[in-house]
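Analysis of the macromolecular model
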Amino acid sequence: MKLTSYTNYALRSLQLAALKAPDLVRVDDVAHIHGLSRPHIVKVVHELGKAGFLETVRGRGGGFRLGRAPDKIVVGDVVRLTEGPLDVVECFNPDKNTCPLIGICTLSRKIQEATRAFMTVLDGLTIADISANRGQLLDRIAPFEMPGGPEALT
């Protein structure tokens, strides 16, 4: 199973908001720290804001912060939002299925079981969990927050 970059960007944005709370985080901060495309982060932040995961503040000095407590934002919910249906194989989607083995295929049932197990793990994980080692995470991103990035340290 592989999640899209979009989901990764969403989780990184939420994690950074949790690390910087209660301060606002700018889209440029996420893009710079993680080496990501600004337009992609804008799109991610917009969708997370519409879903209530983030609160966005427009205008000069604006940015975003978590829209609810980090222990109330479940990673599985974010993945469902950003990934949509996890149709790992075509037979998961009856509208698109062309496989003649639907309903009798052990492989399909086991892949569905594995997908459920994957999501069960993510449903037990919150933004608070992925931000719990705050000091280490902030230490790791500190060089990227400096003018000139990590190269400025050499």
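These notes cover the structure that comes with them. (Residues numbered from 1 in each chain as written. Predicted model: local features only at pLDDT ≥ 70, side-chain atom pairs only at ≥ 80, totals over all residues. Heavy atoms only, no water.)

1. Brief notes about the overall build of the chain
Across its full length, the chain holds seven helices and two strands. Ordered by position from N to C terminus, the α and β elements of the chain give α-α-α-β-β-α-α-α-α. Principal-axis analysis of the C-alpha atoms gives the chain an extent of 60 × 35 × 30 Å. The 154 residues of the chain split such that 34% are buried. Summarising the internal contacts of the chain: among those between residues at least 6 apart in sequence, 63% fall at separations of at least 24. Per element, the accessible surface of the chain, about 9,400 Å² overall, is 55% carbon and sulfur. (Helix = DSSP H or I, 4+ residues; strand = E, 2+ residues; numbered from the N terminus. Buried < 20%, exposed > 50% of the residue type's maximum accessible area, 1.4 Å probe, protein only. Contact = heavy atoms within 4.5 Å. Areas by Shrake-Rupley, 256 points an atom, 1.4 Å probe, with all protein chains shown as cover.)

2. Overview of the packing of helix H1 (residues 5-20) against helix H3 (residues 38-50)
Packing of H1 against H3 leaves a shortest axis separation of 9 Å and a crossing angle of 70°. One finds that H1 runs roughly perpendicular with respect to H3. Contact residues: H1 offers Tyr6, Tyr9, Ala10, Ser13 and Leu14, while H3 offers His40, Ile41, Lys43, Val44, Val45, Glu47 and Leu48. Classifying every residue of the contact of H1 with H3 gives eight nonpolar, two polar and two charged. (Axes fitted to C-alpha atoms, helices over the stretch in contact; angles between N-to-C directions. Parallel < 35°, antiparallel > 145°, perpendicular 65-115°, else oblique. Nonpolar A, V, L, I, M, F, W, Y, C, P; charged D, E, K, R; others polar.)

3. Topic: the layout of surface pockets
By volume, the largest pocket is sized at about 370 Å³. In terms of lining residues, the largest pocket is bounded by 15 residues, among which Val27, Val45, Val57, Arg58 and Gly63 are the most central. Elements that contribute at least two residues to the lining of the largest pocket include exactly helix H2 (27-34), H3, strand E1 (54-57) and strand E2 (63-66). Considering each element in turn, the lining of the largest pocket owes the most residues, four residues, to H3. (1 Å grid on protein atoms, 1.4 Å probe; cavity = no way out; pocket = protein on both sides within 12 Å on 5 of 7 lines; lining within 4 Å. Points joined across faces, edges and corners; volume = space filled by probe spheres on them.)

4. Quick notes on the pattern of salt bridges
Overall, the coordinates contain eight salt bridges when judged by the stated rule. In this structure, Glu55 engages Arg65 in a salt bridge whose closest nitrogen and oxygen atoms are separated by 3.0 Å. Of this pair, Glu55 sits in strand E1 while Arg65 sits in strand E2, placing them 10 residues apart in sequence. On the basis of relative accessibility, which here comes to 27%, the residue Arg65 falls in the partly exposed class. Of the charged contacts in the structure, one is a salt bridge between Asp77 and Arg80, with a shortest N-O distance of 3.6 Å. (Salt bridge = Lys/Arg side-chain N within 4 Å of Asp/Glu carboxyl O.)

5. What to know about the pairing of E2
Relative to E2, E1 runs antiparallel, the two sharing four bridges. Its bridge partner lying in E2, Val57 is registered against Gly63. Hairpin remark: E1 followed by E2, antiparallel, with five residues in the connecting loop; positive phi at Gly59, about 95°. (Pairing = 2+ DSSP bridges.)

6. A closer look at the environment of Val89
In this structure, Val89 sits in the loop between helix H4 (75-83) and helix H5 (106-123). Note: C-alpha distance between Val89 and Ile111 (22 residues apart in sequence) is 8.0 Å.

7. Remarks on the nonpolar core
Grouped together as the largest cluster of nonpolar side chains are 34 residues, with contacts concentrated most on Leu14, Ile41, Leu48, Leu54, Phe64 and Val78. Contributions of two or more residues to this core are made by H1, H2, H3, E2, H4, H5 and helix H7 (134-145). Looking at this core element by element, the count peaks at nine residues for H1. (Core = buried A, V, L, I, M, F, W, Y, C linked by side-chain atoms within 4.5 Å.)

These results come straight from atomic positions and should not be treated as a statement about function.
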